[in-house]
Amino acid sequence: MDIVTTDFPEHKNHTGALTVLEGGQHIPFDIARVYYIYEVPEGEIRGHHAHKTLQQYLICLQGTCEIMLDDGKQQRTICLTKPNRGLFVGVNMWRTMKFQENAILLVLASAPYEEEDYIRQYEGFLQYLQEQEGMS
Ligand code: T46
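Source: prediction; values computed, not measured. (Residues numbered from 1 in each chain as written. Predicted model: local features only at pLDDT ≥ 70, side-chain atom pairs only at ≥ 80, totals over all residues. Heavy atoms only, no water.)

Caption draft 1: Geometry of the sheet that holds strand β10 (residues 94–99). A sheet is described by the order of its strands in space; here five strands give the open sequence β8-β7-β10-β5-β12, paired in antiparallel fashion. The two strands at the open ends of the sheet, each matched to only one other strand, are β8 (75–80) and β12 (118–119). Bridge count between strand β7 (residues 65–70) and β10: six bridges; the pairing is antiparallel. Counterpart to methionine 68 in the pairing with β10 is threonine 96. (Pairing = 2+ DSSP bridges. Helix = DSSP H or I, 4+ residues; strand = E, 2+ residues; numbered from the N terminus.)

Below is the structure:
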């Protein structure tokens, strides 16, 4: 499984740090939606789904988020601890996110919210992957 993380440019001096993400330059898709997840109880796990078409960048703005990715064959866990580091999560990838206390996860998404794009049952995800393989 290929994992793509990007360290976005940081402008740092004695007054603090600023990170910039420019559409068309740092993010490989047009950003259609931004949302962020916060006030998650320590150790809570969210996600448990995959997307059929949605591409996203996940950025942990504060604290630590562990992102578990599963492509149906392999599993990888990526620990996001820096507010200028983004993790690309593409299609057909089962994901769960574990939050440390006070973590804030920012997500840049390639499309508006659409419940039909979610696969929320793991068995259904494996079946969907098999169907996709059969079609290629
Ligand atoms: C993902 C991970 C990283 C909306 O109404 N609009 C939205 O744009 C989103 C993202 C969610 N919602 C509603 C749907 C649910 O009633 O917010 C509620 C919580 O959503 P969900 O349980 O899907 O949240 P997570 O943290 O499990 O997953 C989210 C995204 O949904 C998902 O696409 O990849 O963050």
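Caption draft 2: View of the sheet that holds strand β11 (residues 104–109). With antiparallel pairing, the five strands of this open sheet are ordered in space as β1-β9-β6-β11-β4. Strands with a single pairing partner mark the edges of an open sheet, and in this sheet they are β1 (4–7) and β4 (33–37). Strand after strand, the sheet turns through a mean of 25 degrees between neighbouring axes, direction not considered. Here β4 pairs with β11 via five bridges, running antiparallel. The partner of tyrosine 35 across the bridge, within β11, is valine 107. (Axes fitted to C-alpha atoms, helices over the stretch in contact; angles between N-to-C directions.)

Caption draft 3: Geometry of the site of the ligand. In the vicinity of the ligand lie 13 residues, with Arg33, His51, Gln56, Arg95 and Tyr118 positioned nearest. In this structure, tyrosine 35 approaches the ligand through a side-chain N or O atom, which is 3.3 Å from an oxygen atom. Listing elements by their share of the shell around the ligand, those giving two or more residues are β4, β5 (45–51) and β10. Examining the composition of the shell around the ligand, we find that four residues originate from one element, β5, more than from any other. For the shell around the ligand, a count of residues per class yields five nonpolar, four polar and four charged. (Near = heavy atom within 4 Å. Polar contact = N/O pair within 3.5 Å; in protein donor to acceptor, adjacent residues only side chain to side chain. Nonpolar A, V, L, I, M, F, W, Y, C, P; charged D, E, K, R; others polar.)

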